[in-house]
Amino acid sequence: MHVVFGVSSLIMLISTVWMLEKDHNREWRRWQMKDRGKERWQHASRLAETSAQSHAALKGLKRQLAEASSSRIDHALIQQVKDFVQAEDARLAGQGAPPKSAEASLATIEKELADLEPLADEAAAAREAVTAAKKSAHDAVNTKLAAQKDPAQRDALPKLTQDSKSRLHELQQKVQQRDKAEQNAGRGRKQLLAAMNKIIGEAKRREDAFTVQKKFVAADHTARVSEHGIAVGEGLPAEQIDKIQVEIDSLAQKMTDLDDQVGNAKDYRVRVETVRREIEKGTTEIEKELAAVQAELNRIADNRDKNSWNVGEWLARRPILNALYDGNIRIEQTWLPDIKINYNFSEVPRYDRCITCHRSIDKTAPGSPVEPAFPALKDKQRQRVVELATPSKEPEIAVSDEGVVQVPTLESVYGLTIAGSGQIDHYAVTVQYVTAKSLAAAAGLQLGDIIREINGGRVYSNDDVEQYLLDNAHWGESLKLTIRRGLGSPYTSHPRLDLYVGSMSPHKKNDMGCTICHDGQGSATDFKWASHTPDNPKEADEWSKKHGWFDNHHWIFPMTPDRFIESNCLKCHHEVAELEPSERFPEPPAPKLVKGYHLIRQYGCFGCHDVNGYDGPTKRIGPDMRLEPNYHEVAAAVLRDNGLTDDERESAATLVHSPEVNSIRHELYQAIRRDAELAEAGNADGQPRLSAASHKLADLLKDVETPGRLRKAGPSLRYIASKVQYPWLYSWIRKPSDFRSSTRMPQFFGLHEHLEKHIKAFPDGQGNPAGLTELEYTRRFERIEILALARFLLNNSSKFDYLNPPAEVTTEPSPERGKWLFESRGCLACHSHREFPGIASTQGPNLSEVSAKFDSESGRRWLYSWIKQPHRYHPRTVMPDLYLNPIVETDPTGQPTGVVTDPVADLVAYLMGVPSDWKPHDVPAETLTADEKLALKDLAAEWLSASFPRKRAERYANEGIPAAQAANIKGDERMLVDLNDENRVAKQLDYVARRSISRYGCFGCHDVPGQEAAKPIGTALTEWGRKEPSKLAFENITKFLSTHGVDDVTEQLDEQAVNEHAGEDHASGAHAGNGHHGVDPLDYDDDTGYYLQALNGHHRQGFIWQKLRQPRSYDYQKTRNKRYDERLRMPLFPLDIEEREAVITFVLGLVNEAPAEKFVYLPDIRQEAIMQGRHVLHKYNCGGCHVLDMERWQFGIEPDWFEEPPIKPEFPFLHSEPSGEEIAKSLELDHRGLLNVTLHGMPVMSEETGQPNLVDEDGVPIEPDDDESEPFYEFTLYRNTVVAGYERKVGVQNLLIPAAHAGGGPKNGREFPANGGDLARYLFPRVIAQEHKTNPQAKGSEAWGWLPPPLIGEGKKVRTEWLHGFLMDPTAIRPAVVLRMPNFHMSSDEASALVNYFAAKDNADWPYEYSERRRDAYLTQLDQAHPEWMDNAMKILTDSNYCTKCHAVGDFFPKGAIKTQGPQLANVYQRLRPTYMRNWTASPSHILPYTGMPVNIPFDPNAPHLGGVNQALFPGTSVDQLDGLVDLLMNYDDYTARQTTIKSMVKESSPAEGGEQAAEAPEPRPDQSASDLPAPALR
Amino acid sequence: MHGVSPEQFAVQVAIFLGPYYIALALMNSVMAFYLWKKPEQHAICRFKLGSVPLAVTSAWVWLVVASLYVLLAAATVGAGNGGNLSLIPQFPHWFCEFVNQSTGPVIYTLGTTAVLVVLYFFRAFFVKPLVAWTIWNLMFLFLGLSMPDSDFYAIVAKPDNVPIVAMVFLLAFFNWVATAQSVVNDRRKEEGLPPVEKENDEKILVWPDLVYTEMVCMIALTAVLILWAILLQAPLEEPASSVNTPNPSKAPWYFLGLQEMLVYYDPWMAGVVLPTFIIVGLMAIPYIDFNKSGSGYYTIKERKFAYLIFQLGFLELWVTLIVLGTLLRGPNWNFFGPYEFWDAHKVQALNNVNVSEYFWQWLLGMSLPRAPVGSGQGVAVGYILAREWLGILLVLGYFIALPPIMAVTVLRGFYKRMGFVRYMTLAMLILFMASLPLKMVLRWTFNLKYIVAIPEYFLNF
């Protein structure tokens, strides 16, 4: 029993110790210790680097100090001291005080001074001797070395060796002698100074003695004064008082004397001290420098020591002791009381302990607030090869100052130092530091790089590196170093510290934590329990091996894998638009998510899938993507009703085009409701006018709580028969990508990858007498469905009134003209076409093949009408009205030639003239064959069996539903009532088509007649990102994938392919073994592998991926037990791999987990305006033509690159002076030693190619084949920027910027592309070429002015009200422009959103802007002060040299080429803001660098009247002239109104008629009447 | 095997099975060593190797078995190291399929009953050390060969279920100890000898002998608990959610027998009445038991009734149901074979019919009596009674008529010796106990749902 006891006790002990060990040594400790090691390594390396850098400095300083402290002392200084001492002695003697003589000290000083001189000289000589000896030693050593290598000199070697030895020895001796001499001299100096200090000390003692005496006397004095006061108060006798007074006086006298003494003594001391300081001046400064260098080194050393091992911490880290103090190893956490996590029954504050291991997550690089200290590089980027050049010849051996021979080292040759140990892995060969401007620095090696291979040879230790780089190097040949850069997780910093974690970011670590964005188990401190999620199966494999990672199904918020990390932005950023790149964050914050959002908008996923962003009327829960209420469709449907009154008809017609007008909608609703009530009430109150269908529709006109905002993605099908023919429509429905591969219309039919060729649809004999296979069965029905759909749409189409060419057109349409129109009138901003390969917009469809689509007379006419007035056909289209009015051709003089062309007809001619070899194929005839009829009946029966028993459904399909039953039947089945031989096929087709439309949800994207009330058919996606995977039907998907392979099957119609797939039995299926495990993700690339793993693990990421790829594949082996209408119906969208992932990213972000309100992104009013504006900009593709944001170039550049900008005189109001802070910031150097520059603007483009011009250093264009010259870009600034200490202004000078060697953009930096303006850039070289045809002299640089203008500074430029009106109904402004702003028929809200956007973006006032210049008070004042102000201004305006040279004013039009003409000036007061107008007129190129507008009123501070135009026109300074011009233009309407009189036009009314009215009319206010203005000059 | 590739799984399983087989080899080596050292040895056969006479004893056999285990371990580790799942020694696929196909609640329950019956009747054979050791080894081997099946592994290796697996082995061991001693004692009784326990009837002191032993037990138990806590950490599952309950939802392992009853009985019966009777019955044992023999020693023959009732209640109706509930009941409380994937989408046909429906609809071809709409409560109750009269009669008959019948037939002796009250208590307890297997059989044979079905008052039986 004792043995048992012993053994069990032992086991108990072991298990207890084991438990303690397990509990204590948890994973995070290891990570944290390693991270401390990394910190220590970093500091040690920096210390080594800094001390190496300061080593030379330290050495030099010490040498200087030795020199300085052994140098001579100026005799004159000592003489001064002597003089001071003597003078003081004399002064003291004069006072009778025995002078405490400084004789002894003076004697010492003199003696030392005399001694010092020879000593100092000796030291100087010794120094020179050292220099000489060093040179000779150096030569001797190197001669010896040379001899060692030269066999010819072998004989001389012993002698040389001896020689070099003795020389070195000699040098060492000389150094010793020098040191000794310097010491001696230094000692002498020290003694001299000590003697001087004695003198100072004595003086100080005397000063102090007097001060103390004075203190006593002063105290007595105060006491006596108080005694005197008391005596007076008590009324003591006068003599007593006087006596006290006498004492006081005497004390006061004493104090004065003592003051004098103190002052004298102090003067004396200070004088001597000054001399001493003068003597020591040389040494103190050096000492100060030394101390500064040393302090920096100490600081780094302190940091290193903080992370180093020490006994106290080590002890504290032991178990149990650890409870008392944690030894600086502890669990770190962020407590987030307001960001809760949902544990189903309660919301719990988060505790994010991620930073326990990710300790460096918020560390920034030294000197930058946002750059990560430890960049997180992807694995591929970490591995790199650098080329290290070697010196051209073998490096020489150096001899140090101390006479020590220095063998070449890695540091001396390459500037490379290898650390004693690695940062994380102790044995990694790691670069400790690299000396600046060394070979290693040139190769790009950095601190912390791990050297793995050199020239292919594996490196295992530091010695290996020396072996390769020094001993075995071939001098002059470069070496290839394979290195690994950067650290792995968790030692890295967050890659976007500007956005996250950092103290300057909007998502600060302590406010947001980690798991709100990343998900995962924040409380965990073990790798596996934190629910890290790998981004691909290889990573998963690696993790499970390294960290014991596993897929923890129990944590419902696993970390978001890297590829979907942007999903979680949606929790707070519901509008998405704010996630686009912005001024503050030019690097796109969430590109994948934004892409997904736009894809969903474009493809119209929301037509079927509800994405509701609201929970209740105001509470936001996520992005809101819902269809707008389809008021316009309802209105269009109601319009068909013949019973409408004229008023109602007009209301409905208005609603069709402007459904946002609520008042009209309410009216129409009320009218229909009233009529419906009549119908309900029976015949008593009169007959209803409208049909029952219209009554039903009325409810759809009701108000909707928080209505959706998105238009349907597809065109209206209401008039489709007027547009296309049956064969095209059939093949389009069958497979849209067949006609247009880039279409967004998805494919509904022919998706048969899941069907088996060899499996019978039903067992033989059970409804399948023909023995059809599943594939044949499906094809048979789909053929009928497509046919029925096509026929239904054509039959239900309304009549469309085509537009006809206007009568005034005189010429035939010309495809050539049409081609140029197509190119230049803006079509390419939204559409692409194969004949114009340089530009490919995806806003509208690709028009390359339209000739095949509209290959009929009606099609051609439709195209004409559509181009001319798109909204006529489809009121909700985003295709604008391009104002393609007939063009009256003119000759060069501007006279009409009599030729009038019709641009629309030209465009049609061009589009229809581009040949297309596309033809509809395999289209069944519109009339059905007997077989098809049978199939149609079967299909109808199939549909009917959803509502009736199978047998009865068969009968009804064939014979129709008996009339007796009709009353009980609702829905589409009503079509089948009253079937007879004549209408059987038609009715069956109609029924099938209606069922198919309902089933496939065509109305989600299209306006389908009769489906106005239909609701979206798909699953709501509002919370899909958290959808319970057990609620997803994965069905037989793994089996499907293992038998069909994982390749994208795009060619669905190809029978061969389907059959092959079905027949194959892949080996991958067999090796799975267990049936529920299909394909091995590790066999595929990272992306596919990830999704396959997600599918295997039944994660929603995998489900949606496969759903988007092969939407019907979840029906694999399922269709046999489903009815035809129960089959899956999700269509296939033509998404590529990246697009698919973007869509998935967005959908996964729909989680309905909006955190507390303060975390949800709440924009301020400007940001809100910008966001809302962006939605409209995207919707109408404004960026297709206009540049919305200029390019942004961010780069580092040598500090002396930019020259000082030229100084030009400018108007005082244009003058700006950068603040000192801005200048200082622009001069800061980063850690690369470069200036950081951010410029907004664009490079100068070539007039031939439209590509940025590459020039050499002198601005001469570089030939394309020139590889020699260093390339540069000329950069045109569009925003004033402080660069290198000076403000660079727009329009003054282009900047020359070194170009990156690969691709575009600046060297040492990157370019952020412009937002928008594709068409402008595309057209730039083309309009120049076009113009050169007629006018070879045209200046290409002005061509930007003929194109859609960049909308930079638009908010500051135009008045809000004008812009709003302009957007609703654009007018032509600039005659020079080749295309016109089209009319988008946007709603007033949308126009407002755009107006606000521009104003908000430029920080301008909105919605109103106040301008004083138009106020009457201002004008009155002006007229009083300068009666002729406006008239004079008018003189400038009308002078043919100035404005009217180019601008039209009122009814005046300038002559000359249209390309040189400017906008009409008579109405600019409506358009422009006054400040802008003034600045523009003063210096146009400051605003638009390319403008052709000259400076008309120049400013010159030195000229009379400050420059300006002729005084005869406008007397005054140039500033006055400018002001006058602006005042005139801003009040042009008022001014011209005063030129005419209305009074004369109004006939005097007879008193009988007008008397009463006249009496009631208000008194005209004086300021309202021009005649009452006090300025006769205006007449 | 979600998220784990076959290669990873092979490694995982080999990490367990390698040491497992080594441990089994050691176990058998120790056995061989023990037998070899034992003074009296029975040679299985003798032969001469050259001139050396050799006797093959059972020690040899177990040494061979041990080396077989070593071979298994080597094969497992080798295959696991290469990540090759199919090379790890395991039951052939067809065997697993066969087991899956051929098992079900009926087979399982009847099978275990049959096994227990066989074990009881041939206990003298099974308790022989050699036989028991062989069975013991086979049990381990079965576990080892089943492990490479990922589905089996997923169920057995789940930290929650490990104690159940251990329990099976422990039960086997303790049952063997008790039965073996009983067999010895019963034989000695026949030979007129006192039980073994009486023979070694030496008195020992509480202090230190008993307390010391208890302390050793305490230490060993604590050590086991600590090791268990270190090696098999309690799984932390997702936060509870009312909209998403775990599937299958399982009670704690010791209640899984009760949960299994829920399949056959209404919650009030399976969750309230039957557990109450179990507790009451256990408390009543000392008062019911009149058999004085068997006190202080193991015996079966002298306490056949008590033994059988206990084994039926404990092994059959408690332990086997726990094993069933833990290892073989999967999502939706469906039965899954030991090598079957727990697919939540598996659906089993469960169409059960009440006695009343059998009577009215099948036998009489009428619809069930239903109270007219708007009739009072009394009328409604009357209709219910009319509907369920046969079931009520059967139940009443079972509980009221059977005890007297038993008293005059099979349990006549009991009734005589126990008196009315004690006898009726015993009879009631036995009838309640028997109601479970009876109901199970009825369910399996007639798809019988409830004998009395009054859902209107949540009263089903």
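Source: prediction; values computed, not measured. (Residues numbered from 1 in each chain as written. Chains lettered and ligands numbered in written order. Predicted model: local features only at pLDDT ≥ 70, side-chain atom pairs only at ≥ 80, totals over all residues. Heavy atoms only, no water.)

### As for the overall build of chain B
Line of reasoning, step 1. Of regular secondary structure, chain B possesses 17 helices and four strands.
Line of reasoning, step 2. Principal-axis analysis of the C-alpha atoms gives chain B an extent of 100 × 65 × 45 Å.
Line of reasoning, step 3. Every one of the 461 residues in chain B was classed for burial, and the buried ones make up 39%.
Line of reasoning, step 4. Of the contacts formed within chain B by residues at least 6 apart in sequence, a portion of 70% connects residues at least 24 apart.
Line of reasoning, step 5. For chain B, the accessible area works out to roughly 26,400 Å², and carbon and sulfur atoms hold 73% of it. (Helix = DSSP H or I, 4+ residues; strand = E, 2+ residues; numbered from the N terminus. Buried < 20%, exposed > 50% of the residue type's maximum accessible area, 1.4 Å probe, protein only. Contact = heavy atoms within 4.5 Å. Areas by Shrake-Rupley, 256 points an atom, 1.4 Å probe, with all protein chains shown as cover.)

### Concerning the overall build of chain A
Line of reasoning, step 1. What chain A contains, in helices and strands, is 50 helices and 24 strands.
Line of reasoning, step 2. At 46 Å, chain A has a C-alpha radius of gyration far larger than the 36 Å of a compact globule built from 1579 residues.
Line of reasoning, step 3. Its C-alpha atoms give chain A principal-axis dimensions of roughly 145 × 130 × 100 Å.
Line of reasoning, step 4. For chain A, the residues scored as buried account for 48% of the 1579 residues in total.
Line of reasoning, step 5. The long-range share in chain A, meaning contacts at least 24 apart out of those at least 6 apart in sequence, stands at 71%.
Line of reasoning, step 6. Total accessible area on chain A is roughly 78,200 Å²; 53% of this is exposed by carbon and sulfur atoms.
Line of reasoning, step 7. Of the side chains in chain A, 188 bear a positive and 230 a negative charge, and the two mean positions are spaced by 4 Å. (Rg over C-alpha atoms; globule rule 2.2 N^0.38 Å. Lys, Arg positive; Asp, Glu negative; His and termini not counted. Charge placed at Lys NZ, Arg CZ, Asp CG, Glu CD.)

### Considering the pattern of salt bridges
Residues and elements named next belong to chain A.
Line of reasoning, step 1. Summed over the entire model, instances satisfying the criterion amount to 101 salt bridges over all chains.
Line of reasoning, step 2. Put simply, Glu-313 and Arg-317 hold a salt bridge, and the shortest N to O gap is 2.8 Å.
Line of reasoning, step 3. We classify Glu-313 as buried; its relative accessible area is 8%.
Line of reasoning, step 4. On the accessibility criterion, Arg-317 (6% relative accessible area) is buried. (Salt bridge = Lys/Arg side-chain N within 4 Å of Asp/Glu carboxyl O.)

### Brief notes about a negative patch on the surface
Line of reasoning, step 1. A contiguous patch of negative charge, built from A:Asp646, A:Asp647, A:Glu650 and A:Glu667, is present on the exposed surface.
Line of reasoning, step 2. Along the chain, the position of A:Glu667 falls in helix α18 (residues 662-681). (Patch = residues over 30% accessible without salt bridge, like charges linked within 9 Å, V, L, I, M, F, W, Y side chains within 5 Å.)

### Overview of the packing of helix α29 (residues 930-944) of chain A against helix α31 (residues 984-1000) of chain A
Residue and element names in this part refer to chain A.
Line of reasoning, step 1. At a closest axis distance of 10 Å, the pairing of α29 and α31 adopts a crossing angle of 50 degrees. Regarding the angle of α29 to α31, the classification is oblique. Note that α29 runs across α31; the crossing there is left-handed. Each of Lys-933, Leu-936, Lys-937, Leu-939, Ala-940, Trp-943 and Leu-944 in α29 lies in contact with α31, whose residues at this interface are Val-985, Gln-988, Leu-989, Tyr-991, Val-992, Arg-995, Ser-996 and Arg-999.
Line of reasoning, step 2. Taken together, the residues that form the contact of α29 with α31 break down as nine nonpolar, two polar and four charged. (Axes fitted to C-alpha atoms, helices over the stretch in contact; angles between N-to-C directions. Parallel < 35°, antiparallel > 145°, perpendicular 65-115°, else oblique. Left-handed = near helix turned anticlockwise from the far one by under 90°. Nonpolar A, V, L, I, M, F, W, Y, C, P; charged D, E, K, R; others polar.)

### Focus on the confidence of the model for chain B
Line of reasoning, step 1. Looking at chain B, pLDDT values average 89 and 99% of them are 70 or higher.
Line of reasoning, step 2. Here the complex is predicted with pTM 0.85, and the ipTM for its interfaces comes to 0.83. (pLDDT = per-residue confidence, 0-100.)

### Examining the interface of chain B and chain A
Line of reasoning, step 1. Counting residues at the interface gives 30 residues for chain B, matched by 31 residues for chain A.
Line of reasoning, step 2. The junction of chain B with chain A conceals about 2,900 Å² of combined surface from both sides, 66% of it contributed by carbon and sulfur atoms.
Line of reasoning, step 3. Counting every contact that joins chain B to chain A gives six residue pairs in polar contact (both at pLDDT 80 or more).
Line of reasoning, step 4. Of the residues belonging to the side of chain B that touches chain A, the class tally is 17 nonpolar, nine polar and four charged. (Buried area = accessible area lost by both parts, 1.4 Å probe. Polar contact = N/O pair within 3.5 Å; in protein donor to acceptor, adjacent residues only side chain to side chain.)

### Observations regarding a nonpolar patch on the surface
Line of reasoning, step 1. Residues A:Trp309, A:Val311, A:Trp314, A:Leu315, A:Leu321, A:Leu324 and A:Tyr325 make up a contiguous nonpolar surface patch of about 770 Å² in total accessible area.
Line of reasoning, step 2. Here A:Val311 is to be found in helix α7 (residues 311-316).

### What to know about unusual backbone geometry
Line of reasoning, step 1. Of the consecutive residues B:Trp207 and B:Pro208, the connecting peptide bond is found in the cis state with omega at 10 degrees.
Line of reasoning, step 2. Mapped onto the secondary structure, B:Pro208 falls in helix α10 (residues 206-231).
Line of reasoning, step 3. Between B:Asn247 and B:Pro248 the backbone carries a cis peptide bond, its omega angle lying at 0 degrees.
Line of reasoning, step 4. Position of B:Pro248 among the secondary structure elements: in the loop between α10 and α11 (256-261).
Line of reasoning, step 5. In the Ramachandran plot, A:Val501 falls in the positive-phi region, its phi being about 65 degrees despite a non-glycine side chain.
Line of reasoning, step 6. Relative to the helices and strands, A:Val501 resides in strand β11 (residues 500-501).
Line of reasoning, step 7. Relative accessible area serves as the criterion here: at 14%, A:Val501 is assigned to the buried category.
Line of reasoning, step 8. With a phi angle near 55 degrees, A:Asn1181 is a residue other than glycine that sits in the positive phi range.
Line of reasoning, step 9. Of note, A:Asn1181 is situated in the loop between α38 (1165-1180) and β15 (1187-1189).
Line of reasoning, step 10. When its relative accessible area of 18% is taken as the criterion, A:Asn1181 is described as buried.

### Remarks on the pairing of strand β10 (residues 479-484) of chain A
Residues and elements named next belong to chain A.
Line of reasoning, step 1. Counting buried positions along β10 yields five of six residues, so the element is predominantly enclosed.
Line of reasoning, step 2. In this sheet, β10 lies alongside strand β3 (residues 383-388) in antiparallel orientation, the contact comprising six bridges. Each bridged residue has a counterpart across the sheet, and for Glu-387 the counterpart in β10 is Lys-480.
Line of reasoning, step 3. Where strand β8 (residues 450-454) meets β10, four bridges bridge the pair, whose relative direction is antiparallel. Across the sheet, Ile-450 pairs through a bridge with Arg-484, a residue of β10. (Pairing = 2+ DSSP bridges.)

### Section: the environment of A:Arg167
Line of reasoning, step 1. Within the element layout of this structure, A:Arg167 appears in helix α5 (residues 157-234).
Line of reasoning, step 2. For A:Arg167, a relative accessible area of 28% puts it in the partly exposed group.

### A word on the sheet that holds β10(A)
Within a sheet, each strand pairs with its neighbour through backbone hydrogen bonds, oriented either parallel or antiparallel.
Line of reasoning, step 1. Read from one edge of the open sheet, four strands run β3-β10-β8-β9 (chain A), paired in antiparallel fashion. In this open sheet, the two strands that pair with only one neighbour each are β3 and β9 (457-458) of chain A.

### Concerning the packing of helix α6 (residues 129-146) of chain B against helix α8 (residues 162-190) of chain B
Residues and elements named next belong to chain B.
Line of reasoning, step 1. The interhelical angle for the contact between α6 and α8, taken along N-to-C directions, is 175 degrees, at an axis separation of 11 Å. On the basis of their axis angle, the class for α6 and α8 is roughly antiparallel. Along the contact surface, α6 presents Pro-129, Ala-132, Trp-136, Met-139, Phe-140 and Leu-143, while α8 presents Val-165, Val-168, Phe-169, Ala-172, Phe-173 and Trp-176.
Line of reasoning, step 2. Looking at the contact of α6 with α8 residue by residue, the classes come out as 12 nonpolar, no polar and no charged.

### Examining α29(A)
All names here are of chain A.
Line of reasoning, step 1. Compared with an ideal rise of 1.5 Å per residue, which puts 15 residues at 21 Å, α29 spans 21 Å between its outermost C-alpha atoms and is within 8% of the ideal.
Line of reasoning, step 2. Among all positions of α29, only Glu-932, Ala-935, Leu-936, Lys-937, Leu-939, Ala-940, Ala-941, Glu-942, Trp-943 and Leu-944 are buried.
Line of reasoning, step 3. Of the surrounding secondary structure, the elements contacted by the buried residues of α29 are α22 (774-795), α30 (950-959) and α31. (Expected span 1.5 Å × (residues − 1).)

### Some details on the packing of aromatic side chains
Line of reasoning, step 1. Inspection of the entire model under this criterion finds 87 aromatic pairs over all chains.
Line of reasoning, step 2. Geometrically, the ring pair formed by A:Trp943 and A:Tyr1124 is edge-to-face, given 6.1 Å between the ring centres and 70 degrees between the ring planes. One end of the pair, A:Trp943, is in helix α29; the other, A:Tyr1124, is in the loop between α36 (1100-1109) and α37 (1137-1148), with 181 residues separating them in the sequence.
Line of reasoning, step 3. On the basis of relative accessible area, A:Tyr1124 is assigned to the buried category, the value being 3%.
Line of reasoning, step 4. A network of ring pairs unites the aromatic residues B:Phe16, B:Tyr20, B:Tyr21, B:Tyr69, B:Trp136, B:Phe140, B:Phe169, B:Phe173, B:Phe174 and B:Trp176 as a single cluster.
Line of reasoning, step 5. When the ring centre of A:Tyr631 is taken as reference, the NZ or CZ atom of A:Arg665 above it lies at 4.0 Å. (Phe/Tyr/Trp six-rings, centres within 6.5 Å; stacked < 30°, edge-to-face > 60°. Lys NZ or Arg CZ within 6 Å of the ring centre and 35° of its normal.)

### What about the side chain of A:Ser567?
All names here are of chain A.
Line of reasoning, step 1. Along the chain, Ser-567 turns up in the loop between α14 (537-547) and α15 (591-603).
Line of reasoning, step 2. Taking relative accessible area as the criterion, Ser-567 reaches 2% and is therefore assigned buried.
Line of reasoning, step 3. A polar contact of 2.7 Å, which involves the side chain of Ser-567, links it to the backbone oxygen of Thr-1145.
Line of reasoning, step 4. Residue contacts for Ser-567: discarding those within four places in its chain leaves Leu-593, Thr-1145, Leu-1148 and Gly-1149.

### With respect to the nonpolar core
Line of reasoning, step 1. Of all hydrophobic cores here, the largest spans 172 residues; its most connected members are A:Leu729, A:Phe822, A:Ile867, A:Leu1319 and A:Leu1437.
Line of reasoning, step 2. Within the second largest apolar cluster, 53 residues are counted, among which are A:Val501, A:Tyr603, A:Tyr1090 and A:Phe1133. (Core = buried A, V, L, I, M, F, W, Y, C linked by side-chain atoms within 4.5 Å.)

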